[in-house]
Amino acid sequence: MNDTKQFPDRRSALDRVEAVTAPSTRAARERRRPASPQWAAWGFLAPVTLYLALFYAYPLYRNLDLSLRDYTVRSFVQGDAPFTGLANYRQVFDDPVFAPALLHTAVFTAACLVFQYAVGLALAVFFNQNFRLSATLRALFLVPWLLPLIVSASTWSWMLNSDSGVVNAVLHAVGIGPVNWLTSPTWSLASVIIANIWIGVPFNLVVLYSGLQSIPGSLYEAAALDGANAWQRFWRITFPLLRPVSAITLLLGLVYTLKVFDIIWIMTKGGPADSSTTFATWSYQLGFGNLLPAFGPGAAVGNLLVVAALVFGLIYVRVQRKQALS
């Protein structure tokens, strides 16, 4: 009887011991538990975040700060430039070079995008036939893309030279008079457009060709059995299925073309008489092309290019989101 009476007491004592030791036991288990996967994810993201902050966010901030202050050479070194707000932007908009530079930037970008994409797409469709020597020819077409831009621009400057250029020599052979490609206000912008198209076609060819490789061949076979000709197969199958690849190709080409500087500067330096000046070359001229550099207006012109690229990027994201939901 005494044992049966004491058994509940012993049991309750054990419960009290377990209640006291349970929290410490759970804490020890939590300490031994491996780190959360979230911390591992942050660990992998940390280097990328640091890189973006140092080499993207900080330069953008500095460029914005340059455009909002009256920087001279002395204040650029000492860092005591006065804040002027939007005065540099007003100066840029009131400059007589602004309207021609805006027009040249738009024409240069649009012409390069259209012809680079059209020629690149035609070559991609041509090489998609997988004929003999297709791989060798594709590799040769990559040469303009692999050459340093200073080499490409210098080569085109020599080819388009008014006196000793090979282009004028060919025109003379067919009975056409010489053209002042680089020294005439009529032809200078067309000259740099031609050179940039030649440089950008290989990029479009590579990206669009990879997109064509992902289209099933059974679709073309079924269309051919239904009596579709080559143009109908291209318009009804190839072009629609290439839209996602075409969109990213055009967006990347737009961003690249907006900031083209070296080709124009080496070939024409934006001249003659600002006939080939774009925002990229104008920004350089303002900031570094004069004895008294205008850092603020130069940075303001650069920020206009950043805003233009950002607007088109947002448009691309919005279009892609609509296509994904539809």
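This text goes with the structure placed above it.
Sequence positions are assigned chain by chain, starting from 1 and proceeding in written order. Note on the predicted model: pLDDT of at least 70 is required for a residue's local features to be given, and 80 or more for side-chain atom pairs to be given and counted; whole-chain, interface and lining totals, by contrast, use all residues. Values reported for side chains reflect all heavy atoms of the structure, with hydrogen atoms and water molecules removed beforehand.

Student: Can you explain the pattern of salt bridges? Please cite residues and give values.
Tutor: Salt bridge criterion: a side-chain nitrogen from Lys or Arg within 4 Å of a carboxyl oxygen from Asp or Glu. The final tally for this structure, using the stated rule, is 2 salt bridges. Note that Arg62 is salt-bridged to Asp65, the shortest N-O span being 3.2 Å. Taken as a pair, Arg62 and Asp65 lie in helix H2 (residues 37-67) at a separation of 3 residues, close to a single helical turn. Note that Arg69 and Asp65 form a salt bridge whose closest N and O atoms lie 2.8 Å from each other. Burial status follows relative accessibility: with a 1.4 Å probe on protein chains alone, a residue under 20% of its type maximum counts as buried, one over 50% as exposed, and anything between as partly exposed. For Asp65, a relative accessible area of 12% puts it in the buried group. One connected set of salt bridges, linked through shared partners, spans Arg62, Asp65 and Arg69. In this text, helices come from DSSP runs of H or I with a minimum length of four residues, and strands from runs of E with a minimum of two, each type numbered from the N-terminal end.

Student: Please give an account of the environment of Thr281 that cites residues and values.
Tutor: Note that Thr281 resides in helix H15 (residues 279-288). Each C-alpha atom, one on Thr281 and one on Gly270, is 6.4 Å from the other, the two residues being 11 residues apart in sequence. A polar atom in the side chain of Thr281 sits 2.9 Å from the backbone nitrogen of Thr278. Counting of polar contacts relies on pairs of N or O atoms within 3.5 Å, with two restrictions inside protein: one atom must be capable of donating a hydrogen and the other of accepting it, and residues adjacent in sequence are counted only when both atoms are side-chain atoms.

Student: How would you summarise the nonpolar core if you had to cite specific residues and measurements?
Tutor: One recurring pattern in soluble globular proteins: nonpolar side chains tend to sit buried together. In terms of nonpolar packing, the biggest core is built from 37 residues, with Phe108, Ile193 and Met267 touching the most fellow members. Those elements giving two or more residues to this core turn out to be helix H5 (98-127), helix H8 (149-159), helix H10 (188-213), helix H11 (217-225), helix H12 (230-241) and helix H14 (262-267). Here, residues are in contact when the closest pair of their heavy atoms is within 4.5 Å. Those residues in contact with Phe108 that sit more than four places away from it in its chain are Leu189, Val192, Ile193, Asn196, Thr257, Val260 and Ile264. Leu68, Leu254, Ala280 and Leu286 belong to the second largest nonpolar core, which has 17 residues in total. Take the buried residues of types Ala, Val, Leu, Ile, Met, Phe, Trp, Tyr and Cys, join any two whose side-chain atoms come within 4.5 Å, and each joined set is a nonpolar core.

Student: Describe the side chain of Thr278, with residues and values.
Tutor: Looking at where Thr278 falls in the secondary structure, it is placed in the loop between H14 and H15. Thr278 has contacts with Ala101, His104, Thr105, Val260 and Ile264, leaving out every residue within four places of it along the chain.

Student: Any details on the packing of H2 against helix H16 (residues 295-325)? Residues and values, ideally.
Tutor: Packing of H2 against H16 leaves a shortest axis separation of 7 Å and a crossing angle of 130°. Considering their axes alone, H2 and H16 lie oblique with respect to each other. The crossing of H2 and H16 is left-handed. Between H2 and H16, the contacting residues are Leu60, Asn63, Leu64, Leu66 and Ser67 on the first element and Phe295, Gly296, Ala299, Ala300, Gly302, Asn303 and Val306 on the second. Here the residues of the contact of H2 with H16 sort into 7 nonpolar, 5 polar and no charged. Every axis in this analysis is a line fitted to C-alpha atoms, fitted for helices over the stretch in contact. Angles between the N-to-C directions lie between 0 and 180 degrees. Angle categories are assigned with fixed cut-offs, so that under 35 degrees is roughly parallel, over 145 is roughly antiparallel, 65 to 115 is roughly perpendicular, and the rest are oblique. The sense of a crossing depends on the near helix, which, turned anticlockwise from the far helix by less than a right angle, makes the crossing left-handed and, turned clockwise, makes it right-handed. Under the grouping applied here, Gly and all other residues not named as nonpolar or charged are polar, the nonpolar ones being Ala, Val, Leu, Ile, Met, Phe, Trp, Tyr, Cys and Pro and the charged ones Asp, Glu, Lys and Arg.

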